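Examination of the molecular architecture
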Amino acid sequence: MSRESDAACLVWEVQLYEPFSRVWISKGYGRATTDADPAEFCRAVLVGHLARGPVRCGETFRAVVRTGNGESLTVTADELPTRSRTVDPALCQMLPTYLRDALA
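Residues numbered from 1 in each chain as written. Predicted model: local features only at pLDDT ≥ 70, side-chain atom pairs only at ≥ 80, totals over all residues. Heavy atoms only, no water.

**Regarding the overall build of the chain**
Secondary structure assignment for the chain yields 3 helices and 4 strands. The N-to-C order of helical and strand elements in the chain reads β-β-α-β-β-α-α. Across the 104 residues that make up the chain, the buried fraction comes to 33%. Look at the contacts in the chain between residues 6 or more apart in sequence, and 62% of them connect residues 24 or more apart. (Helix = DSSP H or I, 4+ residues; strand = E, 2+ residues; numbered from the N terminus. Buried < 20%, exposed > 50% of the residue type's maximum accessible area, 1.4 Å probe, protein only. Contact = heavy atoms within 4.5 Å.)

Structure follows, in C-alpha cells:
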C-alpha cells in the first residue's frame, strides 16, 4: 500500500436480486479508505460475502463499489474466477471482520 494521501474512500454494497419484485436487495454494505484498485476491492467484497455460506439455487449476487469521485463499479458472481477465489491478504485486511473470517 502507498501513502495515505493516495487513498480514496470506497463505499461498497453486496446485493441480492429478488426476481419476483425485480429489485436488488442490500445484503451488506460498508466503506473503506484505501488505495487499492476499486475493481479488485469490489471482487474481494463479493468473494468474502459468497464465502460466508452456500448460495441457494437461483440466487444472484453482485457487489457495487462507488468511489469518492462518483464513479460506480459492479461485479457479478459470474465475473469471478471459478477455480481460485483467493483474495490478496492486503485487501483482506481492509474488509470487515465477518468477511475476513469467511475468507480464512
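Now that the structure has been shown, the text picks up again.
**A look at the packing of aromatic side chains**
The relative placement of two aromatic rings is captured by the distance of their centres and the angle of their planes. For the coordinates displayed, the defined rule picks out 1 aromatic pair. With centroids separated by 5.1 Å and ring planes inclined at 55°, the aromatic side chains of Y17 and W24 adopt a geometry described as tilted. Under the relative-accessibility criterion, Y17 is labelled partly exposed at 28%. (Phe/Tyr/Trp six-rings, centres within 6.5 Å; stacked < 30°, edge-to-face > 60°.)

**Describing unusual backbone geometry**
Positive phi outside glycine occurs at R22, with the angle close to 60°. Given a relative accessible area of 68%, R22 falls into the exposed group.

**What to know about the sheet that holds strand β1 (residues 8-18)**
Judged by pairing direction, the sheet is antiparallel, and its 4 strands sit side by side in the order β2-β1-β3-β4 without closing on themselves. The open sheet has two edge strands with one neighbour each: β2 (23-34) and β4 (72-76). Averaged over all pairs of adjacent strands, the angle between their axes in this sheet comes to 20°, without regard to strand direction. Here β1 pairs with β2 via 11 bridges, running antiparallel. Residue V14 lies in a different strand from β2, and its bridge partner there is G28. Of the strands in this sheet, β1, β2, β3 (61-67) and β4 are in contact with helix α1 (residues 38-51), which crosses β3 at around 145°. (Pairing = 2+ DSSP bridges. Axes fitted to C-alpha atoms, helices over the stretch in contact; angles between N-to-C directions.)

None of the figures reported here should be taken as evidence of function without further support.
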